[in-house]
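# A structural walkthrough
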Amino acid sequence: MSVAGTFTVEVAGIGLFKFRRRTMRDEFRIEAEISRLTEGVATPTETLAAMAQTVAPVKVLLEECPKGWNIDAMDPFDVESYRQLALVCSKLLEKEKFFRDSLRPGGAAAGQGAVAVAGVSVPAEV
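Values in this document were obtained by computation on a predicted structure and should not be read as measured data.

Cut-offs and rules
Residues numbered from 1 in each chain as written. Predicted model: local features only at pLDDT ≥ 70, side-chain atom pairs only at ≥ 80, totals over all residues. Heavy atoms only, no water. Axes fitted to C-alpha atoms, helices over the stretch in contact; angles between N-to-C directions. Helix = DSSP H or I, 4+ residues; strand = E, 2+ residues; numbered from the N terminus. Parallel < 35°, antiparallel > 145°, perpendicular 65-115°, else oblique. Left-handed = near helix turned anticlockwise from the far one by under 90°. Contact = heavy atoms within 4.5 Å. Nonpolar A, V, L, I, M, F, W, Y, C, P; charged D, E, K, R; others polar. Pairing = 2+ DSSP bridges. Salt bridge = Lys/Arg side-chain N within 4 Å of Asp/Glu carboxyl O. Buried < 20%, exposed > 50% of the residue type's maximum accessible area, 1.4 Å probe, protein only.

### Notes on the packing of helix H1 (residues 24–37) against helix H2 (residues 46–61)
Between H1 and H2, the least distance of the axes is 8 Å, while the angle of their chain directions is 135°. Our classification of the angle between H1 and H2 gives oblique. Like other packed secondary-structure pairs, H1 and H2 cross with a definite hand, here right-handed. Contacts between H1 and H2 involve Asp26, Arg29, Ile30, Glu33, Ile34 and Leu37 on the former and, on the latter, Leu48, Ala52, Gln53, Val55, Ala56, Pro57, Lys59, Val60 and Leu61. Of the residues that constitute the contact of H1 with H2, the class distribution is ten nonpolar, one polar and four charged.

Structural data, given as structure tokens:
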């Protein structure tokens with residue numbers, strides 16, 4: 001178990017995945033993985049960028065996955081591979097969003113709550 005903890009995500013038709021809670025260091029690892037997956041292309045195609053952004057967080061944060069599920073061994077010509085990757089990544093991001101939303105004080109939604117701008121506190125009503 002990592003310092004930040006782990007959580008599980010059930011993905012229908014695929015199985016149970018265990019992920020590490022994302023830390024700042026993990027965010028750097030994810031960005032580095034995106035760069036590796038795109039082979040450092042300065043301006044990757046839309047498809048290449050989307051695939052790298054889907055695969056990278058799963059690869060970096062994955063602790064355990066269903067037996068036989070392996071991103072690197074997936075068939076790139078099988079539509080089911082892409083469907084599974086998108087579904088797993090979507091469930092991961094959904095769970096992470098739930099954590100962020102539950103940490104907001106008083107249940108404030110995105111964009112709400114007091115913030116400091118240049119050292120001046122700005123109330124949520126503004």
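### Here's the deal with the sheet that holds strand E2 (residues 15–20)
Taking strand neighbours across the sheet as the criterion, the three strands line up as E1-E2-E3 in an open arrangement whose pairing is antiparallel. Two strands close off the open sheet at either side, each with one partner strand: strand E1 (6–11) and strand E3 (62–64). Averaged over all pairs of adjacent strands, the angle between strand axes in this sheet comes to 40°, irrespective of strand direction. Relative to E2, E1 is paired through six bridges, and the arrangement is antiparallel. Bridge pairing in E2 links Glu10 to Leu16. Against the sheet, helix H3 (residues 79–103) engages E1 and E2, with an angle of about 135° to E1.

### Looking at the pattern of salt bridges
On inspection of all chains with the given rule, the structure shows eleven salt bridges. In this structure, Arg29 engages Asp26 in a salt bridge whose closest nitrogen and oxygen atoms are separated by 3.1 Å. Of this pair, Arg29 and Asp26 both sit in helix H1, three residues apart, roughly one helical turn. Look at Arg29 and you get partly exposed, because its relative accessible area is 37%. A residue is classified by how much of its surface remains accessible, and Asp26, at 1% relative accessible area, is buried.

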